[in-house]
Amino acid sequence: MTYWNEKIETMPKEDLKAMQLELLKELVKNTYRDSKFYRERMDAAGVKPEDIKTLDDIRKLPFMKKTDLRDNYPDKLFVRPYDDLVRIHVSSGTTGKPTVVGYTRNDLDNWAESLDRGMVSFGMSKSDMLQNAHGYGLFTGGIGVHDAATRLGATVLPISTGNTNRQIDLMCDLPVTAIAGTPSYLFHIADTCDERGIDIRKDTKLRLAIAGGEPWSESMRKKLQDRTGIRVHNCYGASEFYGPMFLECKEQCGVHVWADLALIEILDNNDNPVPDGQKGNVVVTMLKKEAFPLIRYRIGDITSITWERCKCGRTHPRLDRITGRSDDMLVVKGINVFPSQIEAVIGEMPFLSPFYMITLDNKNYSDHMLVEVELNENSLTDDTTELAKMAKKLDSRLKEVLNIKAEVRLALPKTLQRFEGKSKHVIDNRSYE
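Just so we're clear, the structure is a prediction, and the values are computed from it rather than from any experiment.

Side note on the sheet that holds strand β13 (residues 305-306)
Taken in spatial order, the 3 strands of this open sheet run β9-β14-β13, and their pairing is antiparallel. If you trace the sheet from one side to the other, it starts and ends with β9 (255-256) and β13, each paired once. Across 2 bridges, the pairing between β13 and strand β14 (residues 318-319) is antiparallel. Following the sheet pairing, I305 is matched in β14 by L319.

Take a look at the structure:
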């Protein structure tokens, strides 16, 4: 068995729990001292750092929510000056305002450490060449995976996303053994290979893949593996953590969440902890984050966790696949999309009414989003040129705000479905089976 950090990865559960408690105490003490936001939250909850004496005492601490990130844009949640920061990443936010995350040198090292442990756990080494098909830039996926693979000693091909024919040419011409990207993009690569008469098994050296950034299922994994011969490993993370952080080992039975880096709670709808293996709402505390502390963060994902020792020998808890969300966030092509973002854009357009519908499909596992919006009655016209201008304006603004392409369709007034009580704006027809 090969490990990146055997001492930590195989540490007994009771020792890991003891380590978590000491890290939690230090985190709360420092954050209370340095963060005006969190100090006010703790004072309002009537809790002081010295009240944290056991891991169960974490339940005394207040939650953080996604709206806190929006309300404190851009950097009011930072507890380190910019002189201490070495990088900034930015991701989509709930109302058009992005989430800005700062990183110290230690933050980047811990992020890479987490991914390196995971990469080694499913068989990557310095002998591999990783084709990184995640996007590079403000989003966290591409650069995070790149840094970790480089630290591992692997050769990185930083191709980023898109330009699929070139992706395939390079994986055929170079000794690429591993690839990272969203599941839907890996399916698209496979489709394009079929169209070009390329057999991934025979014409490439690909054997491993990291897939994440969007929902996918075990049946999708089986289809992709059977079709390509590549072993595909799930990835879990978020820019609020550091980025994509936690990977499956070769056993493919849940992502290993490193207990010295993160403390995961799974809570029921009354905020009480559920037993191991039972589904609930994910709440995350990052134990070593320096620039941008995250304590009891409600990320909105629903899944289960187990502390059962993995067959690979690792003792850290394992998180099951995400099966749903407790908020209205959608993940489309690996990008976080909130209906409220779309609603805000519609509100900017005087020719549109407030009635809209979002329909999601994923034919061949490639996400497609249709946004239908009713025209304002005062804007009705038979002029097709004018209608095209209105559609183009909406299309361009949505792309600017969401960072992805949506199909736009203008509807006649009073033609979209109305609802009694709470409106329903999303029809998600995607299937991951």
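Overview of the packing of aromatic side chains
A complete count under the given rule lists 6 aromatic pairs for this structure. Judged by centre distance (5.9 Å) and plane angle (65°), the rings of Y236 and F241 are edge-to-face. For Y236, a relative accessible area of 8% translates into the label buried. Put simply, the rings of F78, Y82 and F292 pair up and form one aromatic cluster. Taking NZ or CZ as reference, R298 lies 3.7 Å from the ring centre of F63, over its face.

Looking at the pattern of salt bridges
Under the defined criterion, the tally for this structure stands at 38 salt bridges. One salt bridge connects D116 with R151, and the closest N-O pair in it is separated by 3.2 Å. Here D116, found in helix α5 (residues 105-121), pairs with R151, found in helix α6 (residues 141-152); they are 35 residues apart in sequence, far enough to count as distant. Taking relative accessible area as the criterion, D116 reaches 0% and is therefore assigned buried. According to the relative accessible area criterion, R151 is partly exposed, its value standing at 36%. Overlapping salt bridges bring together E113, D116, R117, R151, D260 and K288 as one network.

A word on unusual backbone geometry
Cis peptide bonds are those with omega within 30 degrees of zero, and the linkage from Y73 to P74 qualifies with -5°. Backbone geometry at K333 places phi at a positive 55°, although glycine is not the residue there. When you line up the elements, K333 lands in the loop between β16 (330-332) and β17 (335-337).

Conventions adopted
Residues numbered from 1 in each chain as written. Predicted model: local features only at pLDDT ≥ 70, side-chain atom pairs only at ≥ 80, totals over all residues. Heavy atoms only, no water. Pairing = 2+ DSSP bridges. Helix = DSSP H or I, 4+ residues; strand = E, 2+ residues; numbered from the N terminus. Phe/Tyr/Trp six-rings, centres within 6.5 Å; stacked < 30°, edge-to-face > 60°. Buried < 20%, exposed > 50% of the residue type's maximum accessible area, 1.4 Å probe, protein only. Lys NZ or Arg CZ within 6 Å of the ring centre and 35° of its normal. Salt bridge = Lys/Arg side-chain N within 4 Å of Asp/Glu carboxyl O.

Interpretation note: all reported values are geometric properties and have no functional meaning in isolation.
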